[in-house]
Structures are given as C-alpha cells and as structure tokens.
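# Structural overview
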Number of protein chains: 4
Amino acid sequence: MPAPDDALRRSGRAARPDGSVVAVGEDVPPVAFGGREVVLVAGPCAVESREQVERTARAVVAAGAALLRGGAFKGRTSPYAFPGLGAEGLDVLRDVGRALGVPVCSEVLDAEHVAAFRGKVDLLQVGARNMQNVSLLRACGRSGLPVLLKRGLAATVEEWLLAAEYVMSEGNERVILCERGIRTFEPSTRATLDLAGVVVARQRTHLPVIVDPSHAAGRRALVPALGRAALAAGADGLIVEVHPDPDRALSDGPQALTPEDFEGLVADCRAIGQALGRPVLARA
Amino acid sequence: MPAPDDALRRSGRAARPDGSVVAVGEDVPPVAFGGREVVLVAGPCAVESREQVERTARAVVAAGAALLRGGAFKGRTSPYAFPGLGAEGLDVLRDVGRALGVPVCSEVLDAEHVAAFRGKVDLLQVGARNMQNVSLLRACGRSGLPVLLKRGLAATVEEWLLAAEYVMSEGNERVILCERGIRTFEPSTRATLDLAGVVVARQRTHLPVIVDPSHAAGRRALVPALGRAALAAGADGLIVEVHPDPDRALSDGPQALTPEDFEGLVADCRAIGQALGRPVLARA
Amino acid sequence: MPAPDDALRRSGRAARPDGSVVAVGEDVPPVAFGGREVVLVAGPCAVESREQVERTARAVVAAGAALLRGGAFKGRTSPYAFPGLGAEGLDVLRDVGRALGVPVCSEVLDAEHVAAFRGKVDLLQVGARNMQNVSLLRACGRSGLPVLLKRGLAATVEEWLLAAEYVMSEGNERVILCERGIRTFEPSTRATLDLAGVVVARQRTHLPVIVDPSHAAGRRALVPALGRAALAAGADGLIVEVHPDPDRALSDGPQALTPEDFEGLVADCRAIGQALGRPVLARA
Amino acid sequence: MPAPDDALRRSGRAARPDGSVVAVGEDVPPVAFGGREVVLVAGPCAVESREQVERTARAVVAAGAALLRGGAFKGRTSPYAFPGLGAEGLDVLRDVGRALGVPVCSEVLDAEHVAAFRGKVDLLQVGARNMQNVSLLRACGRSGLPVLLKRGLAATVEEWLLAAEYVMSEGNERVILCERGIRTFEPSTRATLDLAGVVVARQRTHLPVIVDPSHAAGRRALVPALGRAALAAGADGLIVEVHPDPDRALSDGPQALTPEDFEGLVADCRAIGQALGRPVLARA
C-alpha cells in the first residue's frame with residue numbers, strides 16, 4: 001500500500017517536481033548530489049589509522065572520488081568485533097578531508113552523538129540497521145548537516161521514503177537516499193541490490209539517490225559490475241569501499257576494492273556517464 | 001555461518017546448560033520467564049488514556065495475563081502517525097500495573113530515554129526496528145532492568161542472539177527473546193512467524209523465548225491460532241495486543257484482540273499447556 | 001491482491017461453507033482428511049528397497065500413521081543425485097501399503113506419468129517445485145485420484161489456492177493442500193514454515209490442509225516442535241519423513257525422524273489433539 | 001553451499017574457460033549469444049493474432065531486435081486466464097519470423113509438447129515456474145534445440161545452474177540463462193532483479209546470460225532503466241516484452257513497452273554497448 005500522498009509531504013516528488021540538488025561540504029568546496037553529474041564517494045569501511053586513511057584518500061581522490069567516506073563508530077553485529085576508533089576516527093577523517101579539499105562522510109549510530117559530528121563531517125550517514133531508529137532520524141533532522149540515508153535490509157521503498165520524511169519533518173531538506181541491497185534468500189551475495197528501488201525512489205521523491213554496491217555484493221569481484229549497473233539505472237552516484245590492503249582490513253575486507261580496482265571502476269563510470277549524458281563529477 | 005562459540009559467550013547455552021529463569025517485577029510480585037510455566041503478557045498496542053489502559057488491564061489480568069504491556073513511545077513508520085503519549089503514558093502504565101499488582105512492559109526507543117523508564121516499567125522492550133541499535137542495546141545492558149528483545153524483521157536467528165549478547169556484554173543477564181515474525185514475500189500476513197526460530201534460539205541459548213503473534217499476523221482472525229502454535233512449539237510465553245474497542249484503536253487496531261477473544265485464547269493456552277506439561281502461570 | 005472471488009470458484013470457501021472431507025484409499029479402508037480427526041502420514045523420503053519400506057511402514061503404522069508416504073520418482077536439484085527407483089518403487093509402495101491395509105502416497109513429476117500411478121498409489125503428490133506446472137496440475141485433475149498439493153517455495157497463499165483451482169477445474173474435487181515452508185533469508189532452517197498460511201488457506205477454501213514439518217525444518221531436531229505447532233494452529237494432519245537409519249538415507253537423511261522419534265511425536269499429537277478436540281485418526 | 005564442482009561438470013566455467021557462444025536459428029541466419037555483441041530479443045508476451053505479431057515484429061526488428069519472442073502456450077496463475085493460442089500461435093510466430101528473417105523463441109510448458117515445437121521455434125524457453133520441472137528439462141535436453149532457461153522466482157543461482165546442468169546432462173550444450181527477478185518482500189515491483197546473479201552465473205559457468213527486465217519490473221516505467229543496468233552489469237542480451245497497444249494486451253499489458261519505448265531502449269543499449277565495448281548485434 002503506497003503511503004497517502006500527504007505522508008510524503010516534504011519528500012514527495014510533488015513538493016519539488018524538478019528534483020533537489022543537495023550540496024555537501026562545510027569548510028571545503030561543496031559537492032552537489034542530484035545534478036547532471038554523478039558523484040563518486042569512496043574510502044575505507046572503517047577508519048583504522050591516520051596512515052591508512054591518508055593513503056586510501058589520496059588514491060581515491062586521485063582516481064576521481066569527490067567525497068571521502070570512513071567509519072569511526074561501527075555498529076557491528078557482534079559486541080566483540082572491532083567497534084571503530086570513535087571520536088578520534090572522526091578527527092582523522094576531518095583532517096585528511098580538509099588536507100585534500102574534499103568533504104567527508106561518516107556513520108552516526110546514536111542521537112546523542114550527532115552534536116559531536118558537527119564540525120568534523122560534512123555528511124551524516126544513517127546506516128541500514130538504523131533506518132527506522134526514529135530518535136536518530138529526528139536528531140539528524142535537527143543537525144543542520146546533510147544526511148545520507150541508507151535503506152534498511154528489510155525496508156520497502158515506501159518505508160525508506162517515510163524514514164527520509166522523518167528527517168525532513170524536522171526541517172532538514174538535505175537528504176540523500178542510498179540503496180545498498182535488501183535481504184533475500186540468495187546466498188551468493190551479502191544482499192540483493194534493488195536497482196528498481198532506485199528508479200522508484202527517484203520517481204516518487206525529489207531526493208538524490210546513490211548506490212552502495214560494496215555492501216550489496218559482499219565480494220570484491222561483483223562490485224564493479226554492480227556499480228556500473230547502478231549508474232546505468234540512473235543513480236546519482238556511488239559509495240564504494242576501498243582499502244589499500246583489503247586482506248588486512250579490520251572490517252569488511254572481502255568487499256573492499258583495491259585502489260587499482262577503483263581506478264578501473266571510475267573509468268567504466270566515465271564511459272557510461274558519457275554515453276548517458278551524466279558525466280562523473282570532477283573535483284572543484 | 002554460525003557465530004564462533006565465543007561470540008555467544010554469555011548468551012550461549014553452554015554458559016548455562018539448564019537454562020535461565022528471568023524474574024520480572026520491581027515493586028510487585030515478580031513473574032518468572034523461562035520456568036515450567038508459560039507467561040501471558042497482554043495489553044494495548046499504545047497507551048491512549050488512563051481509562052483505556054485500566055479497562056484493558058482489568059480484563060486481561062482477569063483472563064489470565066501475568067504482565068501488562070502498553071506502548072508510550074511509539075516508533076511509527078510515518079512521522080505523522082500517532083507517536084504515543086510519551087512519559088505521561090509510562091506513568092499511566094505504572095499506576096495501573098501497581099494497582100493490579102502486575103509488572104508492566106513498554107518499549108524504549110532511545111538510549112537517552114532508558115533512565116526515564118526506571119521506576120516506571122519492570123521490563124524494557126527493544127522493538128524489532130531497533131534490534132541492531134547498538135547504543136540502545138548497550139544502554140539497556142546498563143539499565144539494571146530486564147530486557148525483552150524482539151527479533152528484527154530481517155534478522156537471522158544468529159543476529160538476534162548477537163543482539164542479546166550486546167545487552168549481556170554490559171553485565172545484564174536478564175534478557176528475554178521475542179519472536180514476532182520475519183519479512184517475507186507473503187502478502188496475506190504482516191510478517192511470517194518463524195516458530196523454528198524459537199526452537200533454534202532455545203537450543204542455542206539459555207534465554208527464555210516468547211512469541212508475539214499479533215504483529216506477525218497483522219489480523220485479529222489469525223492471532224489465536226498462531227498463539228496456540230507458539231506454545232505447542234515450546235515458547236515460554238506470549239505477548240498479545242488487546243484493545244477494548246479495536247476499531248477505535250489509535251495504533252494497530254486490526255490486529256488487536258477484544259478482551260473476549262483473549263479469554264478464548266487463554267483457555268486454549270491452558271488446554272495446550274496442560275497437554276504438554278507447561279501450565280499457564282497464574283498470578284501470585 | 002486477492003483473486004477475484006470467481007477465480008476460486010471451486011476451491012473457495014463459499015462453494016462449500018462447511019468444508020470438505022477428502023477420502024483417500026482405493027483398495028484399502030479409506031482415510032478421511034478434513035474431518036474432526038487429524039491424519040498422520042509418514043514414511044521414507046525415498047523408496048530405497050522393499051526391506052527399507054517394509055521396516056519403516058510397520059514402525060510408523062504401529063506408532064499411529066494412517067497413510068504411508070514414499071518417493072519413487074525424485075525431482076532432485078542435481079541431475080547426478082539419486083533419482084529414485086521409478087515404477088519399481090511404486091510397486092514396492094503399493095505392496096507394502098496393501099499388506100498393512102493403509103493407503104499410500106507418492107509424488108508424480110510428470111503429466112505423462114500420471115496414468116502409471118493409477119492402481120498403485122491412493123494419493124498423488126504434486127511437489128513444491130511443480131506447484132505451477134500447469135500440465136501436471138491438469139493431468140492430476142483428470143486422474144480420478146485425490147491430490148496432495150504442496151505449496152511452492154515462493155508461492156503466495158493466493159497462488160497456491162489457484163493451483164488447487166487448476167486441479168479442480170478439471171473436475172477433481174479431491175484436493176488436499178500441504179504447507180511445507182517458504183523460502184526466506186533465514187539460514188538455520190531449510191525453509192520457513194508459514195503456519196498463518198495454513199489458517200488463511202482454511203479460511204479461504206473448503207479444502208483440508210496438512211503440514212510437512214520435515215522439509216521446512218531440514219533438521220530432525222526441529223521436526224517434532226513444528227509438527228506440534230502445526231496441529232495447534234489447526235492443521236488437518238501432518239506428513240513426516242521417517243527412516244529406520246537416517247544416516248544411511250539416500251535422500252534427505254538429516255531431516256528424517258527415527259521410528260522412535262516418530263513415536264514421541266505421535267504421543268505429543270495425541271495430547272494436543274485431545275486438548276483441542278481433534279484426536280489423531282486411528283486405523284480402521 | 002556451492003555445489004561440488006562435479007555437479008556442474010558440463011555447465012561449469014572449468015569445462016570451457018573461454019565461455020560458450022550459442023547459435024540460435026534453424027532456417028534463418030543464426031544469431032549468436034555469448035559473443036562480443038549483445039542480443040536484443042523482443043516481442044509480445046502472448047501471441048494474440050497474426051496481425052498483432054506482424055505489427056509488433058516489424059517494429060521491434062526495425063528498431064534493433066535480432067530475435068522475436070511470443071508466448072503460444074501460457075502458464076497462467078489462474079486456470080481461468082487467457083491460456084494462449086497453443087499450436088496455432090506457434091505457426092503464427094514461425095511464419096512471421098521466417099518472413100522477417102529472424103529466429104523466434106517461445107515457451108514450452110510440457111515435456112510432451114517439445115516435439116511440437118521442432119520446426120516452429122528456434123529457441124525453446126523454459127519459464128520461471130518450470131525451472132525445476134525435471135521432466136521438461138530433460139525433454140529439452142533431448143530436443144536438439146537451444147534452450148533459454150529462466151531463473152525460478154525462488155531459485156538460488158546454484159539451483160539455476162543445476163537446472164541448466166539437467167538440460168546439458170542429456171547432451172544439449174546450447175543453453176542460455178535468463179535472469180528475470182526473484183521474489184522478495186518489496187511490493188513496488190513484480191520481482192527484484194538480481195543483477196549480481198548475472199555476474200555470478202557468468203563467473204561460475206561458460207553459458208551466455210541474458211536478462212528479462214519486463215517480468216522483473218512488472219511496470220513499463222521501470223523497464224528501460226533495468227534493461228540499461230543489465231547490459232552495464234555484463235549481460236549478453238535482453239528479452240523485452242513489446243506490445244503495439246499495451247492497454248489491450250491479453251497478458252501482462254502493464255509491463256509491455258510500446259514500439260516507441262523500445263526504440264528508446266535500443267538507443268540507450270547502443271550507447272552503453274559502445275561505451276563498454278559490447279555493441280548491439282545488428283541483423284545479418
């Protein structure tokens with residue numbers, strides 16, 4: 001059952017028939033999501049050390065990424081897995097982003113933490129596990145920062161859009177949606193990427209929609225094909241995990257691209273972008 | 001892939017081969033989950049008014065419920081749906097429970113709210129949407145209150161048990177698991193109740209496991225059959241939504257039993273309990 | 001979307017508001033499905049040898065099974081797995097059933113084979129993989145034999161009922177539905193048993209509905225609990241895999257009960273049946 | 001659990017590390033699937049009349065389709081839905097294909113019918129509902145005709161490849177796989193297109209893999225985006241439903257493209273194909 005139109009009163013396409021462009025970047029040249037150009041976001045799953053982030057960031061920015069990602073607070077399935085470096089990780093991310101002149105994005109797990117992200121990250125990520133964490137959505141809505149809202153593993157497109165509406169109902173219009181795969185019976189991938197969901201989300205809302213092929217695939221060998229497919233389906237960008245030494249990654253190594261893999265993916269994205277009239281955004 | 005044994009180091013069956021009994025009830029006679037007797041929890045989806053809770057509570061306690069449930073903070077899919085009465089709702093719940101001498105249970109949505117639940121509820125419920133809200137799990141683990149942990153809509157049994165482990169890793173051993181249906185393709189019910197998951201959870205952990213047939217069914221006509229089935233499968237109890245006037249309920253009316261329906265269900269539970277050697281717990 | 005009422009014109013509850021009783025048994029005393037008494041069907045997954053079927057049949061009939069099952073033509077996932085003994089297996093099954101005075105049931109894979117089943121089996125089973133094999137459904141509808149129609153792994157209740165309607169549209173009213181689990185993301189079981197589907201099927205049609213806990217569970221240790229739950233939910237019977245030596249079974253050994261396990265399950269079924277007013281059918 | 005290598009002994013990539021090219025076309029210039037060029041298959045869901053097929057065929061061939069599809073025997077969910085024109089429909093399809101010089105493809109529902117398809121169609125389609133109809137798979141394996149094997153709605157990639165192995169185990173190496181969406185909880189599309197499944201199938205086997213965006217989408221507005229995405233993911237072709245007057249289609253009208261829509265899709269495919277080095281196959 002689709003939501004009654006007024007349930008998507010701020011996010012619905014009717015509110016802005018021409019679509020939104022969301023600018024991301026507080027103290028660096030802003031990057032625009034939802035315009036003609038597609039945006040590539042890349043970086044490590046987890047911030048492990050300053051050296052690791054610097055090395056990865058230089059490589060992905062040189063290759064064509066316009067925004068750096070990295071997890072400082074990690075919501076792991078097990079309480080005994082690496083939980084991230086926390087606030088210290090945010091500092092690393094900010095420093096590296098500022099040095100390279102690119103905005104940074106990191107996941108926030110808790111409404112109480114949102115304040116601590118201000119001044120450090122340019123884009124607040126709400127993870128799939130928290131897509132219906134109402135307190136967190138509302139806190140992000142009051143943060144003044146743009147929000148990257150991942151679709152939950154079991155969320156319908158409808159519920160995903162209503163989660164965006166939660167953020168927007170607090171007065172924050174800068175929401176970017178991110179499809180990252182839904183949970184199905186298929187065991188050969190970590191999740192099943194729902195590219196029709198991207199198309200439906202773009203039709204029903206005015207919000208930019210990007211795709212995370214890394215978490216959907218769960219395996220490096222599938223990431224480039226899914227990234228290409230996402231752009232061909234009309235996504236406004238990609239967010240990709242890259243690690244300089246995936247075998248030693250503290251989190252999600254098997255799905256991380258090497259910097260060389262990422263270069264290849266960027267080349268493919270440029271080719272597809274040119275073919276379909278949506279070039280890859282180059283850094284300012 | 002099952003978690004390595006040490007990931008379930010506190011929740012795993014090996015930690016307590018004979019199983020745990022979790023006592024719930026701070027200022028009222030405590031109710032034991034996980035013993036020979038099965039426990040019936042009942043009450044309205046949402047606390048709407050003192051009169052509504054009193055009326056429902058008297059009926060369900062008279063019929064055989066040992067614990068009262070009621071939602072004060074509601075995590076609705078839409079930001080424009082009834083959000084619950086908040087702290088005032090907790091007061092109503094506490095007053096009614098104390099008056100009848102039964103413990104009460106209510107859902108907590110946010111780590112920041114946990115403190116406000118102390119002294120008001122006897123059992124903290126973590127809802128399906130928040131099953132992997134790590135901050136909330138950890139806060140519940142530090143609360144000193146027992147926790148009812150609902151399985152997420154897309155959570156494997158493995159992930160559910162690891163969520164319990166999060167609570168327990170903070171020193172709180174009083175966790176009760178609650179199966180409430182998983183998301184599948186079948187449209188005739190709101191979720192698909194996974195009773196094998198109940199059996200697997202009981203085999204792999206020492207924790208009590210109860211079942212919520214109301215949210216799984218989504219429709220009143222299916223609730224009694226699922227409740228009976230849950231007990232026959234070996235569940236340690238049920239949590240059921242009851243409303244004195246379901247058609248006027250502010251939340252989830254279609255799945256609420258009337259008090260009369262609930263009486264019928266209790267009679268069935270007693271019959272099954274007698275047949276299988278697990279009587280329904282009577283009030284102290 | 002529910003089918004328009006006239007799509008279930010023969011199977012719909014409106015056609016026979018009091019429900020159907022389906023008699024099974026050609027040259028042996030017939031067994032009635034859908035009456036007050038619940039029916040237990042048991043036997044090996046595959047007919048492996050005359051000795052194996054005799055041994056299993058004697059045990060399950062002694063324990064309380066009213067009908068013998070056994071696969072002669074096996075639709076295995078791999079072309080290189082044991083395909084069953086074919087027509088020879090049907091002869092074994094018939095002989096053993098006749099000797100014990102119980103009807104027998106076996107799966108038919110192909111419309112062309114239906115004729116060969118006449119005079120050998122009393123109940124034609126259409127397997128989950130063939131639930132939408134329209135040619136087979138129509139051939140079963142013209143066979144003159146009752147049909148046990150398993151729900152497909154990805155079939156909605158709606159589609160399952162429409163498959164029954166295919167059989168009935170050829171003039172054969174003797175259809176028994178069988179829920180055996182649907183495919184979901186949960187890896188700890190082979191399928192997720194959908195007991196609400198049983199209730200919905202009974203509400204929407206007049207056909208008897210039985211449950212196969214063995215294929216849903218995929219593991220012996222879960223079968224009795226699911227069998228008990230199915231009867232408590234209102235199923236009209238169970239179909240259970242039993243093997244005298246499960247570790248040496250040529251097909252699906254891990255989910256087969258031993259004869260001793262089956263005796264325990266029958267005792268539980270009798271207890272639940274007595275509690276709920278639906279005793280287990282005893283042999284004529 | 002992946003199949004042991006020898007279960008994919010004929011279909012596995014190891015059997016032909018460079019991949020297979022499957023030629024389709026008996027009395028017309030053959031079309032090669034699995035080569036450098038991608039193949040577009042198009043036509044109506046159902047053959048309704050000679051005039052409808054001629055009109056559609058001329059349009060899709062003019063636009064760039066290399067092969068004509070059309071259903072003569074339809075396996076509908078309800079026994080009361082339009083079942084197709086049967087053998088007469090095959091004649092129409094053959095005549096129109098021969099006149100235009102393009103091979104034709106149609107679905108076979110029953111092992112008994114396979115013989116009747118010889119001399120009429122160039123490519124036997126096994127539909128999603130019949131992916132594990134072992135008798136049909138074996139009959140197709142003995143037919144001498146190439147086979148288009150659609151993935152079942154609830155089939156893992158593993159099971160899909162094993163179904164191909166069934167066909168190949170009868171000596172027929174000419175199998176083309178077709179991904180058409182899997183069943184998930186998402187209601188905004190008819191199925192969820194699993195493009196990672198395409199990549200996995202291409203990695204594990206040497207068989208060509210094409211994609212059906214029409215059945216996955218279930219709605220016209222989503223088909224072009226999914227078709228583009230499929231090619232970007234590396235599919236060897238598309239099969240698309242086109243109808244000259246979708247609102248009057250007897251089957252699946254809502255998902256049919258108009259001839260004009262199809263022209264637009266072909267233009268996109270050409271652009272993507274050029275970008276990625278896989279041009280669209282032009283007619284001989």
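Anything mentioned here points back to the structure above.
Overview of the structure. Small disclaimer: the values here were computed from a predicted structure and weren't measured.

Assigned secondary structure in chain A consists of 9 helices and 10 strands. For a compact globule of 284 residues, the expected C-alpha radius of gyration is about 19 Å, and chain A comes in at 17 Å, within 12% of that figure. The dimensions of chain A, computed from C-alpha atoms along their principal axes, are 50 × 45 × 40 Å. Expressed as a percentage of contacts within chain A between residues at least 6 apart in sequence, the contacts between residues at least 24 apart total 71%. Summed over its atoms, the accessible surface of chain A is roughly 8,900 Å², and 48% of this surface lies on carbon and sulfur atoms. Taking the average place of the 33 positive charges on the side chains of chain A and the average place of its 34 negative ones, the gap between the two points comes to 1 Å.

A few words on the relation of the copies chain D and chain A. Superposition of the two copies of the chain requires a rotation about an axis together with a shift along that axis. Of the transformation placing chain D onto chain A, the axial shift is 0.0 Å and the rotation is 180°, giving an RMSD of 0.0 Å. Seen this way, the second copy is the image of the first under a two-fold rotation axis. Relative to the rotation axis, the C-alpha of D:A229 is the closest in chain D, positioned 2.0 Å from it. Mapped onto chain A, 97% of the interface residues of chain D again fall at the interface, so both copies present the same surface.

A few words on the packing of aromatic side chains. Within the structure shown, the criterion is met by 4 aromatic pairs over all chains. Here the aromatic rings of C:F73 and C:F117 are separated by 5.7 Å at their centres, their planes lie at 35°, and the arrangement is tilted. Of the two residues, C:F73 sits in the loop between β4 (67-69) and α2 (87-100) while C:F117 sits in helix α3 (residues 114-117), which places them 44 residues apart along the sequence. With respect to class, C:F73 is no different from C:F117; both count as buried. Here A:R9 stacks its cationic end above the ring of B:Y80, 3.5 Å away from the centre of that ring.

A separate point is the pairing of strand β5 (residues 104-107) of chain D. Residue and element names in this part refer to chain D. The side-chain alternation of β5 yields two buried faces, one formed by V104 and S106 and the other by C105 and E107. The sheet contact formed by strand β4 (residues 67-69) and β5 spans 2 bridges and is parallel. Pairing of L68 across the sheet is with V104, part of β5. What joins β4 to β5 is helix α2 (residues 87-100), and the crossover it makes is right-handed. Taken together, the 3 bridges between β5 and strand β6 (residues 123-126) define a ladder with parallel strand orientation. Among the inter-strand pairings, C105 is bridged to a residue of β6, identified as L123.

Now for the pattern of salt bridges. All names here are of chain B. On inspection of all chains with the given rule, the structure shows 92 salt bridges over all chains. The partner of E173 in a salt bridge is R16, with the nearest N and O atoms 3.2 Å apart. Of this pair, E173 sits in the loop between α5 (157-168) and β8 (175-179) while R16 sits in the segment before β1 (22-24), and the two are 157 residues apart along the sequence. Classification of R16 by relative accessible area gives partly exposed; the value is 35%.

As a further point, take unusual backbone geometry. Residue and element names in this part refer to chain A. Phi is positive for D252, which is not a glycine, with a value near 55°. Its place among the elements puts D252 in the loop between β10 (237-241) and α9 (259-276). For D252, a relative accessible area of 19% corresponds to the buried category.

The next thing to look at is the interface of chain B and chain C. Listed as interface residues are 35 residues of chain B and, on the opposing side, 35 residues of chain C. Summed over both partners, the interface of chain B with chain C buries about 2,600 Å², with 72% contributed by carbon and sulfur atoms. Our enumeration of links across chain B and chain C arrives at 2 salt bridges. As a salt-bridge pair, B:R151 and C:E186 come within 2.8 Å of each other at their nearest N and O atoms. For the pair chain B and chain C, the interface holds 6 residue pairs in polar contact (both at pLDDT 80 or more). Of all the secondary-structure elements, those providing two or more residues to the side of chain B that touches chain C are α6 (195-204), α8 (223-233) and α9 (259-276) of chain B. With 6 residues, the single largest contributor to the side of chain B that touches chain C is α8(B).

Further remarks concern the interface of chain D and chain A. Taken together, the contacts link 36 residues of chain D with 35 residues of chain A. Contact between chain D and chain A buries roughly 2,600 Å² in total, counting both sides, with carbon and sulfur atoms accounting for 72%. When residues of chain D are sorted by the area they lose upon contact with chain A, D:F185, D:E186 and D:A232 head the list and together hold 18% of the total. Taken together, the links from chain D to chain A amount to 2 salt bridges. In this structure, the connection of chain D to chain A is made through 6 residue pairs in polar contact (both at pLDDT 80 or more). When residues in the side of chain D that touches chain A are grouped by element, the largest group, 6 residues, is from helix α8 (residues 223-233) of chain D. Its residues placed into classes, the side of chain D that touches chain A shows 23 nonpolar, 6 polar and 7 charged.

Between chain B and chain C, the superposition needs a rotation of 180° and an axial shift of 0.0 Å, giving an RMSD of 0.0 Å. Looking at the interface residues of chain B, 100% of them are also at the interface in chain C, so both copies use one shared face.

Residues and elements named next belong to chain A. With their axes 10 Å apart at the nearest point, helix α1 (residues 50-63) and helix α2 (residues 87-100) run at an angle of 35° to one another. When you trace α1 past α2, the crossing you get is right-handed. Judged by residue contacts, R50, V53, E54, A57, R58 and V61 of α1 engage V92, L93, D95, V96 and L100 from α2. The residue inventory of the contact of α1 with α2, partitioned by class, reads 7 nonpolar, no polar and 4 charged.

Moving on, we come to helix α9 (residues 259-276) of chain C. Under the 1.5 Å per step criterion, the end-to-end length of α9(C) is 25 Å for 18 residues, consistent within 8% with the ideal 26 Å. When we look at burial in α9(C), the residues that qualify are C:P259, C:F262, C:L265, C:V266, C:C269, C:I272 and C:G273. Projected onto a plane normal to the axis of α9(C), the buried residues spread over an arc of 130° and lie on a single side. Residues of α9(C) that are exposed and point over 90 degrees away from its buried face: C:E260 and C:Q274. For α9(C), the elements touching its buried residues are α8 and α9 of chain B together with β3 (39-43), α1 (50-63), α8 (223-233) and β10 (237-241) of chain C. Count one or two residues on from α9(C) and you reach C:G277, which has phi positive near 80°.

Residues and elements named next belong to chain D. Taken N-terminus to C-terminus, the directions of helix α1 (residues 50-63) and helix α9 (residues 259-276) make an angle of 20°; their axes are 9 Å apart at the nearest point. It follows that α1 is roughly parallel to α9 by the angle criterion. For the pair α1 and α9, the crossing hand works out as right-handed. Residue-level inspection shows A59, V60 and A63 of α1 in contact with α9, the latter providing P259, F262, E263, V266 and R270.

What follows deals with the pairing of strand β6 (residues 123-126) of chain A. Residues and elements named next belong to chain A. Residues L123 and Q125 line one face of β6 and the alternating positions L124 and V126 line the opposite face, and both faces are buried. Across 3 bridges, β6 lies against strand β7 (residues 147-150) in parallel orientation. Each bridged residue has a counterpart across the sheet, and for L124 the counterpart in β7 is V147. Chirality of the crossover, the property in question, places the unit of β6, helix α4 (residues 134-141) and β7 among those that are right-handed.

Calculation notes
Residues numbered from 1 in each chain as written. Chains lettered and ligands numbered in written order. Predicted model: local features only at pLDDT ≥ 70, side-chain atom pairs only at ≥ 80, totals over all residues. Heavy atoms only, no water. Helix = DSSP H or I, 4+ residues; strand = E, 2+ residues; numbered from the N terminus. Rg over C-alpha atoms; globule rule 2.2 N^0.38 Å. Contact = heavy atoms within 4.5 Å. Areas by Shrake-Rupley, 256 points an atom, 1.4 Å probe, with all protein chains shown as cover. Lys, Arg positive; Asp, Glu negative; His and termini not counted. Charge placed at Lys NZ, Arg CZ, Asp CG, Glu CD. Least-squares fit on C-alpha atoms with pLDDT ≥ 70 in both. Phe/Tyr/Trp six-rings, centres within 6.5 Å; stacked < 30°, edge-to-face > 60°. Buried < 20%, exposed > 50% of the residue type's maximum accessible area, 1.4 Å probe, protein only. Lys NZ or Arg CZ within 6 Å of the ring centre and 35° of its normal. Pairing = 2+ DSSP bridges. Right-handed = clockwise from strand over helix to strand, strands pointing away. Salt bridge = Lys/Arg side-chain N within 4 Å of Asp/Glu carboxyl O. Buried area = accessible area lost by both parts, 1.4 Å probe. Polar contact = N/O pair within 3.5 Å; in protein donor to acceptor, adjacent residues only side chain to side chain. Nonpolar A, V, L, I, M, F, W, Y, C, P; charged D, E, K, R; others polar. Axes fitted to C-alpha atoms, helices over the stretch in contact; angles between N-to-C directions. Left-handed = near helix turned anticlockwise from the far one by under 90°. Expected span 1.5 Å × (residues − 1). Arc of directions from axis to C-beta. Parallel < 35°, antiparallel > 145°, perpendicular 65-115°, else oblique.

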